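Here is how the chains run, residue by residue.
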Amino acid sequence: MAVTESLAEEAHGPAGAVHEGILRRQSARESSARTYARALPIVPVRARGLTIEGADGRRYLDCLSGAGTLALGHNHPVVLAAVRQVLDSGAPLSVLDLATPVKDAFITELFRTLPPGLAGRARVQFCGPAGTDAVEAALKLVRTATGRTGVLAFTGAYHGMTAGALAVSGGAPEVQATRLPYPQDYRCPFGVGGPYGAELGARWTESLLDDPKSGVPLPAGMILEPVQGEGGVLPSPDGWLRRMRRLTADRGIPLIADEVQTGVGRTGAFWAVDHSGVTPDVMVLSKAIGGSLPLAVIVYRDDLDVWQPGAHAGTFRGNQLAMAAGTATLAYVRENGLAERAGRLGTRVMEQLRADIGGLACVGEVRGRGLMIGVELVEPEGATGESAVWDGSAAWDVAESDGFGAAPSGGERAAYGPDAMPCGRARSAHDPDAMRPGRERPAHDPGAAPFARRPGADDFDTAPPPAAPRPAAPRLAAAVQRECLRRGLIVELGGRHSSVVRLLPPLTISDEQTAAVLDRLTDAVAAVARADERHGPHGAREQDPGPSMGAGTDMD
């Protein structure tokens with residue numbers, strides 16, 4: 001409760017006493033499994049848009065947004081109006097799976113937003129009101145439709161907390177799914193990143209499926225997140241996602257896209273799969289589709305609709321208030337172009353963060369897509385060992401005859417293709433020249449120009465091989481989260497070792513509010529970096545608090 005105590009010092013009078021009393025009772029009475037309440041000891045009493053006001057009178061800019069649930073922020077007028085209309089109409093609030101006008105309007109609006117290849121032949125199943133139950137339904141559906149049991153899943157994935165969803169998540173304690181490498185640049189499992197790392201992962205997947213001695217029988221489905229959120233804000237390259245779609249379609253494997261957190265405009269397209277033009281067989285949807293209220297569905301291709309009545313059910317799948325709020329939210333995002341704005345604004349935010357804090361020794365990478373943004377904190381001293389970092393001066397020089405290696409925009413060419421090891425000189429992670437000017441790894445852009453491909457390969461996004469990553473620094477990430485809270489900014493942590501500071505602001509965030517969020521975040525990161533530089537690993541625990549910006553600030 002150290003953070004609670006430090007914040008309590010800034011709360012005075014009866015409001016502070018109420019705040020502390022509620023937190024003490026929560027600690028005494030609620031489960032030890034609680035999570036957000038430990039790192040964010042606040043007691044919200046009012047909220048509007050981006051702003052939350054606590055019982056102690058402090059105001060915060062909320063870039064957690066209910067873990068991505070609040071596409072329109074807190075208590076948006078169109079959501080409140082939709083909920084009031086249902087309440088005032090006398091309509092039943094919970095209807096199991098019965099048809100109602102409210103439900104019909106929700107399905108109509110939802111289908112209007114779906115990828116074109118799915119919208120015309122879609123079926124929808126309402127699930128228990130949580131994304132994890134929708135994941136369970138999706139897995140059950142593809143197993144029933146195919147008669148197979150195995151599932152392909154990816155390292156770093158997060159699909160929920162129920163048994164089946166946990167089994168296909170990255171932290172599963174037991175092996176019940178075939179794990180595949182998810183593409184990423186900074187911590188590429190193959191040590192190369194970029195299009196070559198994505199290509200290696202795709203070829204490994206194809207090999208497992210086509211090798212009769214791989215020990216992996218044809219599975220019931222493949223489940224993936226177009227952007228891994230809890231995994232560390234890792235956008236999948238568009239070309240890689242198209243490759244996964246093609247290899248699953250060619251082998252009769254249903255592709256399940258988990259859009260629980262990425263959906264409803266979050267990544268700069270209405271659904272994250274829209275960036276790549278991929279049409280999944282099954283989409284798992286929750287969070288923002290309920291307009292801040294609990295709702296979860298799966299939408300799937302009609303030929304998969306072979307299960308029997310009652311094969312998946314849930315008492316609260318007929319939440320009328322959530323359907324009304326969801327209809328209003330989906331329509332508002334669509335009609336006001338909020339997805340496209342999220343894409344533009346997210347690009348600006350990441351560019352600004354890279355300029356402001358990207359050069360700090362404790363910042364490993366700024367990445368994301370749209371308004372799903374992550375800053376990975378790393379140990380500024382020490383290295384992972386003698387990991388090789390390919391010399392960029394030689395790493396983009398492939399022969400014209402190798403169709404995999406088209407020249408990137410800078411004109412240089414890769415010194416390796418999918419059938420050869422890189423021929424650039426391997427650098428030690430301690431080589432002071434390894435990251436000299438001109439050799440820095442550029443930020444990954446998941447929507448970059450396609451990588452020219454040889455026959456049978458896909459068009460992966462271009463990026464030179466990455467430098468060897470520094471060790472993750474969860475202590476620094478936690479310190480940044482604390483410093484953000486002191487400055488009136490709520491952020492989430494995620495990623496491997498909880499070392500990634502995450503931003504999930506509502507899509508309605510204004511330019512003025514964005515500037516305030518950037519100021520507070522960069523100030524917090526800089527404060528942590530200064531303290532760590534002065535005092536070493538133990539110094540980041542108690543940073544210079546800087547100006548307290550929470551109280552009396554209303555950015556709505």
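Chains are numbered independently. Their residues run from 1 in the order of the written sequence. Reporting of local features is limited, given that this is a predicted model, to residues whose pLDDT is at least 70; pairs of side-chain atoms are given and counted only at 80 or more, and all residues count toward the totals for whole chains, interfaces and linings. Side-chain figures throughout are based on the complete set of non-hydrogen atoms in the structure, without hydrogens or water.

### A look at the nonpolar core
To be explicit about the condition: The term nonpolar core refers to a set of buried residues drawn from Ala, Val, Leu, Ile, Met, Phe, Trp, Tyr and Cys, joined through side-chain atoms within 4.5 Å. Burial status follows relative accessibility: with a 1.4 Å probe on protein chains alone, a residue under 20% of its type maximum counts as buried, one over 50% as exposed, and anything between as partly exposed. Residues count as neighbours in contact if any of their non-hydrogen atoms are within 4.5 Å of one another.
The biggest cluster of nonpolar side chains holds 90 residues, and the ones touching the most others in it are Met222, Trp240, Val264, Trp271, Leu353 and Leu521. When residues no more than four places from it in sequence are discounted, the contact partners of leucine 353 are Gly358, Val366, Ile373, Val375, Leu503, Leu518, Leu521 and Thr522.

### Looking at the confidence of the model for the protein chain
To keep things clear, this is the line we draw: pLDDT expresses, on a scale from 0 to 100, how confident the predictor is about each individual residue.
Looking at the protein chain, the pLDDT average stands at 82 and 78% of residues meet or exceed 70. Every residue in residues 540-556 scores below 50 in pLDDT, and together they form 54 contacts with partners more than four places removed in sequence or on other chains.

### Details of the environment of alanine 163
Stated formally: Helix and strand labels come from DSSP, where a helix needs a run of H or I of at least four residues and a strand needs a run of E of at least two; each type is numbered from the N terminus.
You can see alanine 163 is positioned in helix 9 (residues 163-167). Residue alanine 163 is classed as exposed on the basis of its relative accessible area, which comes to 64%. The spacing of alanine 163 and aspartate 133 is 30 residues in sequence and 9.8 Å in space, taken between C-alpha atoms.

### Let's talk about the sheet that holds strand 18 (residues 492-494)
So the rule is basically this: For two strands to be treated as a pair, DSSP must find no fewer than two bridges joining them. Note on geometry: axes are lines fitted to C-alpha atoms, helical ones only across the stretch in contact, with angles between N-to-C directions running from 0 to 180 degrees.
Pairing is antiparallel in the open sheet, where four strands are placed in the order 13-14-19-18. The two strands at the open ends of the sheet, each matched to only one other strand, are strand 13 (363-369) and strand 18. Geometrically, the sheet is characterised by an average inter-axis angle of 25° between neighbouring strands, direction not taken into account. Relative to strand 19 (residues 500-503), strand 18 runs antiparallel, the two sharing three bridges. From the neighbouring strand, glutamate 492 faces strand 19, where its bridge partner is arginine 502.

### A look at the sheet that holds strand 17 (residues 489-490)
Reading across the sheet, the four strands line up as 1-2-3-17 and stay open at both edges, with mixed pairing between neighbours. Each edge of the open sheet carries a strand with a single partner, namely strand 1 (44-48) and strand 17. Bridge count for strand 1 against strand 2 (residues 51-54) is four bridges, and the pairing is antiparallel. Within strand 2, the position partnered with alanine 47 by the bridge is isoleucine 52.

### Some thoughts on the pairing of strand 3 (residues 59-62)
The pairing of strand 2 with strand 3 spans three bridges and is antiparallel. Note that in strand 3 the partner of isoleucine 52 across the bridge is tyrosine 60. The turn joining strand 2 and strand 3, which pair antiparallel and follow one another in sequence, is formed by four residues; a positive phi near 90° is taken by glycine 57. In terms of strand pairing, strand 3 meets strand 17 through two bridges, oriented parallel. Counterpart to aspartate 62 in the pairing with strand 17 is isoleucine 490.

### Some remarks on the packing of aromatic side chains
Just so we agree on the cut-off: For Phe, Tyr and Trp, rings pair up if their centres lie within 6.5 Å, where Trp contributes its six-membered ring, and each pair is then called stacked (planes under 30 degrees apart), edge-to-face (over 60) or tilted (otherwise). Should the NZ of a Lys or the CZ of an Arg lie within 6 Å of a ring centre and within 35 degrees of the ring normal, that charge is described as sitting over the ring.
For the structure shown, the criterion picks out six aromatic pairs. Taking 5.3 Å as the distance between ring centres and 75° as the angle between the ring planes, the aromatic pair formed by phenylalanine 154 and tryptophan 240 counts as edge-to-face. Of this pair, phenylalanine 154 sits in strand 5 (residues 151-154) while tryptophan 240 sits in helix 11 (residues 238-250); the two residues are 86 residues apart in sequence, bridging distant segments of the chain. Here phenylalanine 154 matches tryptophan 240 in class, with each residue buried. Above the face of the phenylalanine 126 ring, lysine 103 is positioned so that its terminal group lies 4.8 Å from the ring centre.

### Overview of helix 11
Note the cut-off: Between the first and last residue of a helix there are one fewer steps than residues, each counted as 1.5 Å, and that sum is the expected span.
With 13 residues, helix 11 extends 18 Å between its outermost C-alpha atoms, agreeing within 8% with the 18 Å of an ideal straight helix rising 1.5 Å per residue. Restricting attention to buried positions, one finds in helix 11 the residues Asp238, Gly239, Trp240, Leu241, Arg243, Met244, Arg245, Leu247 and Thr248. Residues of helix 11 that are buried make contact with strand 5, helix 10 (194-210), strand 7 (221-224), strand 10 (255-258) and strand 13.

### Things to note about the side chain of arginine 266
Short version of the rule: His is not counted, nor are the chain ends, whereas Lys and Arg count as positive and Asp and Glu as negative. Any Lys or Arg side-chain nitrogen found within 4 Å of a carboxyl oxygen on Asp or Glu counts as a salt bridge. Side-chain atoms alone can form a polar contact between residues adjacent in sequence; in general such a contact is a pair of N or O atoms within 3.5 Å, and within protein one must be able to donate a hydrogen while the other accepts it.
Residue position: arginine 266 is located in the loop between strand 10 and strand 11 (282-285). There is no salt bridge for the buried arginine 266, and the closest opposite charge comes from aspartate 62, which lies 9.5 Å off by N-O distance. A distance of 2.9 Å separates a polar side-chain atom of arginine 266 from the backbone oxygen of leucine 371. A polar atom in the side chain of arginine 266 sits 2.5 Å from the backbone oxygen of proline 505.

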